Amino acid sequence: GTMIRHIRGGLGLLTAVVLAATPGAAQDPIAGGELPPPGYGSLKQDNVSLRISSSEIEVRFLPLDERLIRLMAPDAYQSLHGLVDSRKGAIDSAARLAGLTDPGLALVTFFALRSAARFDPDLVNLTYRSSFVRPAGIVPYTGNFTGRQLDVRQQASAIYLFEQPLPVFEPFQV
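Residues numbered from 1 in each chain as written. Predicted model: local features only at pLDDT ≥ 70, side-chain atom pairs only at ≥ 80, totals over all residues. Heavy atoms only, no water.

K.L.:
Help me understand the overall build of the protein in this model?
P.N.:
When you go through the protein residue by residue, the secondary structure sums to 5 helices and 11 strands. Within the protein, contacts between residues at least 6 apart in sequence are counted, and of these 78% link residues at least 24 apart. Of the roughly 9,000 Å² of accessible surface on the protein, a fraction of 51% belongs to carbon and sulfur atoms. (Helix = DSSP H or I, 4+ residues; strand = E, 2+ residues; numbered from the N terminus. Contact = heavy atoms within 4.5 Å. Areas by Shrake-Rupley, 256 points an atom, 1.4 Å probe, with all protein chains shown as cover.)

K.L.:
I would appreciate a short explanation of helix α4 (residues 74-86) in the present structure.
P.N.:
Along its 13 residues, α4 runs 18 Å from first to last C-alpha, staying within 8% of the 18 Å computed at 1.5 Å per residue. Taken residue by residue, α4 has Ala76, Tyr77, Leu80 and Leu83 as its buried positions. Here the buried residues of α4 occupy an arc of 130° about the axis, which is enough to place them on one side. Among the exposed residues of α4, those pointing more than 90 degrees away from its buried face are Asp75, Gln78 and Asp85. Residues of α4 that are buried make contact with α2 (45-48), β3 (57-63), α3 (66-69), β4 (104-112) and β10 (155-162). (Expected span 1.5 Å × (residues − 1). Buried < 20%, exposed > 50% of the residue type's maximum accessible area, 1.4 Å probe, protein only. Arc of directions from axis to C-beta.)

K.L.:
I keep staring at the side chain of Thr142 and nothing clicks. Help me out?
P.N.:
Structurally, Thr142 is set in the loop between β8 (137-140) and β9 (149-150). One polar contact links Thr142 to Asn144, side chain to side chain, over a distance of 2.8 Å. (Polar contact = N/O pair within 3.5 Å; in protein donor to acceptor, adjacent residues only side chain to side chain.)

K.L.:
Looking at this model, I keep getting lost on the sheet that holds β3. Mind explaining?
P.N.:
Strand pairing within a sheet occurs via backbone hydrogen bonds; the two strands may be parallel or antiparallel. The strand order across the open sheet formed by 5 strands is β2-β3-β4-β10-β8, and the pairing between neighbours is antiparallel. Strand pairing shows two members of the sheet lacking a second neighbour, β2 (50-53) and β8, which therefore form its edges. Direction aside, the axes of adjacent strands within the sheet are offset by 25° on average. Bridge analysis of β2 against β3 gives 4 bridges, and the strand direction is antiparallel. Pairing of Arg51 across the sheet is with Arg60, part of β3. (Pairing = 2+ DSSP bridges. Axes fitted to C-alpha atoms, helices over the stretch in contact; angles between N-to-C directions.)

K.L.:
Explain the nonpolar core to me, please; I cannot follow it from the model alone.
P.N.:
Burial of nonpolar side chains together is a common tendency in soluble globular proteins. Phe61, Phe110, Ile159, Tyr160 and Val174 are the most contacted members of the largest nonpolar core, which has 44 residues in total. For this core, the secondary structure elements donating two or more residues are β2, β3, α3, α4, α5 (88-98), β4, β6 (126-128) and β10. (Core = buried A, V, L, I, M, F, W, Y, C linked by side-chain atoms within 4.5 Å.)

K.L.:
Just to check I follow, could you spell out the packing of aromatic side chains for this structure?
P.N.:
Geometrically, a pair of aromatic rings is defined through the distance of the ring centres and the angle of the planes. Scanning the entire structure with this criterion turns up 5 aromatic pairs. Judged by centre distance (5.8 Å) and plane angle (55°), the rings of Phe119 and Phe145 are tilted. Residue Phe119 is located in the loop between β5 (117-118) and β6, and its partner Phe145 is located in the loop between β8 and β9; the two are separated by 26 residues in the primary sequence. Through a chain of ring-to-ring contacts, the aromatic side chains of Phe61, Phe162 and Phe172 assemble into a single cluster. (Phe/Tyr/Trp six-rings, centres within 6.5 Å; stacked < 30°, edge-to-face > 60°.)

This is how it looks when you write it as structure tokens:
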């Protein structure tokens with residue numbers, strides 16, 4: 001409600017270029033030789049996540065794409081792989097329900113900036129190449145995610161599934 005009105009009214013859509021890239025490379029698989037081996041990256045989660053804020057809630061959108069997380073520092077790489085592995089059964093189940101074989105994944109976290117802050121997880125969508133993309137499934141990571149309300153300094157997280165890998169090397173909007 002309030003967050004989306006604020007974003008649409010005051011900020012518009014946030015255009016985010018996660019990493020500079022060549023056109024057309026978004027969905028092309030990158031050969032293993034072109035990526036650093038796991039554990040040799042140096043980026044932090046804040047370097048590759050998108051943040052949108054309102055007066056009540058801050059939303060962090062972190063793509064969980066192997067092409068991107070391989071560029072992250074060893075602790076971040078291991079942490080994100082562990083997160084996906086810990087929910088693999090639920091992710092696979094949600095993907096099957098949506099008819100997906102290779103979904104794009106993102107970790108979406110809502111941070112409360114004030115007491116009794118409400119959030120709507122269904123309002124997180126992407127715009128990519130003039131197409132509006134809704135998540136095909138949502139797998140809660142924290143137990144309080146389905147409550148849709150947080151107290152100040154609390155957070156709620158979920159893994160969002162999209163129909164195809166996220167365009168991490170091209171501009172997209174959240």
